[in-house]
Amino acid sequence: ARMAGRAARGAITLGDLTLYIAVFRQGQGALQSILGAVGTMYEDALFMSNLFAYLDIPTGGEAPRVLPARSPPRGAPGAIEIRGVSFRYPGKEAWALRDLSLTIAPGEKLGLVGENGAGKSTLVKLLRRLYDPTEGEIRYGGVDLRDMDPADLRGRIGAVFQDFVRYQFTAAENVGLGNPAHLDDRPRIEEAARRGGATAVVEALPDGWDTVLGGWFEAGQEISAGQWQKLAVARAFMRDKAEVLVLDEPTASIDA
């Protein structure tokens, strides 16, 4: 207002007034940019603090309790013994499983049936040692899972889950990733597909085993949820040395 008054009195020219206004607006825009950048940096710092807090969470079940780790004999699958197992998720008061005891003999097939929230998937996670029991113990071949090397334990168990992964790779790689060491072993991949019921899915693809699946890439071929799931089931059969096969609703998207 003072500058406009001075321009009206002829103390400054209209050009000077225009210059002052332009400089003021530029300074105002620069200040806004600085404040916006500070706010963005603060927001990013909050996200990073969440990330570092997550990374600092200790991972349970990633090391054996005893050294050297114990290992049941290979080639002769042992019984799975669940002894008085109770479990609740970290930070939760309610029990997901409570005082469960069960023995599964070698060669036995067991179906778990229950309502949503009954603890079926939780038991599967405990068998894979993604979590350790809050109470009780799980033994395989007489050895507590917590005393086994995690890589050895998971190498003995093949698993197919309802929330399987859809790899945006070729059909052969989608099956072969069930055992990365044999990713290029085409006969083994074809046999796993036959055992998993996925042969017909692959034969219907434009380039067979070399067809890229999914929609991420231009050459990708999208397939149905049921076809994806058949490939996921076949993936589990890549582990021909797996002594235990765990299926957590693996046919949810597959037709009758």
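Residues numbered from 1 in each chain as written. Predicted model: local features only at pLDDT ≥ 70, side-chain atom pairs only at ≥ 80, totals over all residues. Heavy atoms only, no water.

Draft legend 1. A look at the nonpolar core. Ranked by internal contacts, the top residues of the largest apolar core, which has 22 residues, are Val175, Ile189, Trp209, Leu213, Ile223 and Leu231. Every element with two or more residues in this core is listed here: α5 (171–176), α6 (186–196) and α8 (225–236). In terms of residues, this core owes the most to one element, α8, which gives 6 residues. Grouped together as the second largest cluster of nonpolar side chains are 19 residues, Val85, Val124, Ile138 and Val246 included. (Core = buried A, V, L, I, M, F, W, Y, C linked by side-chain atoms within 4.5 Å. Buried < 20%, exposed > 50% of the residue type's maximum accessible area, 1.4 Å probe, protein only. Helix = DSSP H or I, 4+ residues; strand = E, 2+ residues; numbered from the N terminus.)

Draft legend 2. Quick look at the side chain of Arg139. For Arg139, the position within the fold is in strand β3 (residues 135–140). Using a relative accessible area of 19% as the deciding quantity, one classes Arg139 as buried. A distance of 3.0 Å separates the side chain of Arg139 from the side chain of Glu137, its partner in a polar contact. Discounting chain neighbours no more than four positions away, the residues touching Arg139 are Ala79, Ile80, Glu81, Arg83 and Asp144. (Polar contact = N/O pair within 3.5 Å; in protein donor to acceptor, adjacent residues only side chain to side chain. Contact = heavy atoms within 4.5 Å.)

Draft legend 3. Geometry of empty space enclosed by the protein. Under the defined criterion, the tally for this structure stands at 2 cavities of 30 Å³ or more. One number sums up the size of the largest cavity: a volume of about 70 Å³. Lining the largest cavity are Ile80, Leu127, Tyr140, Leu145, Leu153, Ile157 and Val244. In this structure, the second largest cavity spans a volume of roughly 40 Å³. Lining the second largest cavity are Leu126, Arg129, Tyr131, Asp132, Pro133, Ile138, Asp144, Leu145 and Arg146. Of the residues in the lining of the second largest cavity, the class split is 5 nonpolar, no polar and 4 charged. (1 Å grid on protein atoms, 1.4 Å probe; cavity = no way out; pocket = protein on both sides within 12 Å on 5 of 7 lines; lining within 4 Å. Points joined across faces, edges and corners; volume = space filled by probe spheres on them. Nonpolar A, V, L, I, M, F, W, Y, C, P; charged D, E, K, R; others polar.)

Taken by themselves, the reported measurements are silent on function.
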